[in-house]
Amino acid sequence: MHTQSTIFTVGTALRRAESNNLPVEVLVHGHWLRGTVAGVDAQGVILSTHSEHSVVRLESISCVRVPETMADAPVAETFDQHHELAVRQEDGSFAMGGAA
């Protein structure tokens, strides 16, 4: 019997988000970073927002979140509003859900 399986990796999720111009959130050492994928290769990813760019090593990412549809979250800045995944704290960091 032949079984078929697909391995869905962090890199695969980021490449699919890049191809579909979807914003993402990545968990890096306990902190969520968000943005639109401006580039991804075997080493890392560039996340872009209207105000900044972040370069993150793929090996440092433990989780990737991608919205289900582009209509729900057309840009990275609206990702939080529609999915309530992260809330900006006073110190500029992000926290899960409604935690303040």
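Thresholds applied
- Residues numbered from 1 in each chain as written.
- Predicted model: local features only at pLDDT ≥ 70, side-chain atom pairs only at ≥ 80, totals over all residues.
- Heavy atoms only, no water.
- Buried < 20%, exposed > 50% of the residue type's maximum accessible area, 1.4 Å probe, protein only.
- Helix = DSSP H or I, 4+ residues; strand = E, 2+ residues; numbered from the N terminus.
- Contact = heavy atoms within 4.5 Å.
- Pairing = 2+ DSSP bridges.
- Axes fitted to C-alpha atoms, helices over the stretch in contact; angles between N-to-C directions.
- Polar contact = N/O pair within 3.5 Å; in protein donor to acceptor, adjacent residues only side chain to side chain.

**Some thoughts on helix α1 (residues 10-19)**
- Every buried residue of α1 is accounted for by Gly11, Thr12, Ala13, Leu14 and Ala17.
- Buried residues along α1 sit in contact with β1 (23-28), β2 (31-40), β3 (44-48) and β5 (61-65).
- Residue Asn21 follows α1 closely and has a positive phi angle near 55°.

**Digging into the sheet that holds β1**
- Strands sit in the order β4-β3-β2-β1-β5 across an open sheet of five strands; the sheet is antiparallel. Strands with a single pairing partner mark the edges of an open sheet, and in this sheet they are β4 (53-57) and β5. Taking the axes of each pair of neighbouring strands and ignoring which way they run, one obtains an average angle of 45° across the sheet.
- The pairing of β1 with β2 spans six bridges and is classified as antiparallel. Within β2, the residue paired with Glu25 across the bridge is Arg34.

**Overview of the side chain of Ser48**
- With respect to the secondary-structure elements, Ser48 resides in strand β3.
- A polar contact is formed between the side chain of Ser48 and the side chain of His53, at a distance of 3.2 Å.
- Apart from the residues lying within four places of it in its own chain, the contact partners of Ser48 are Gly35, Thr36, Ala38 and His53.

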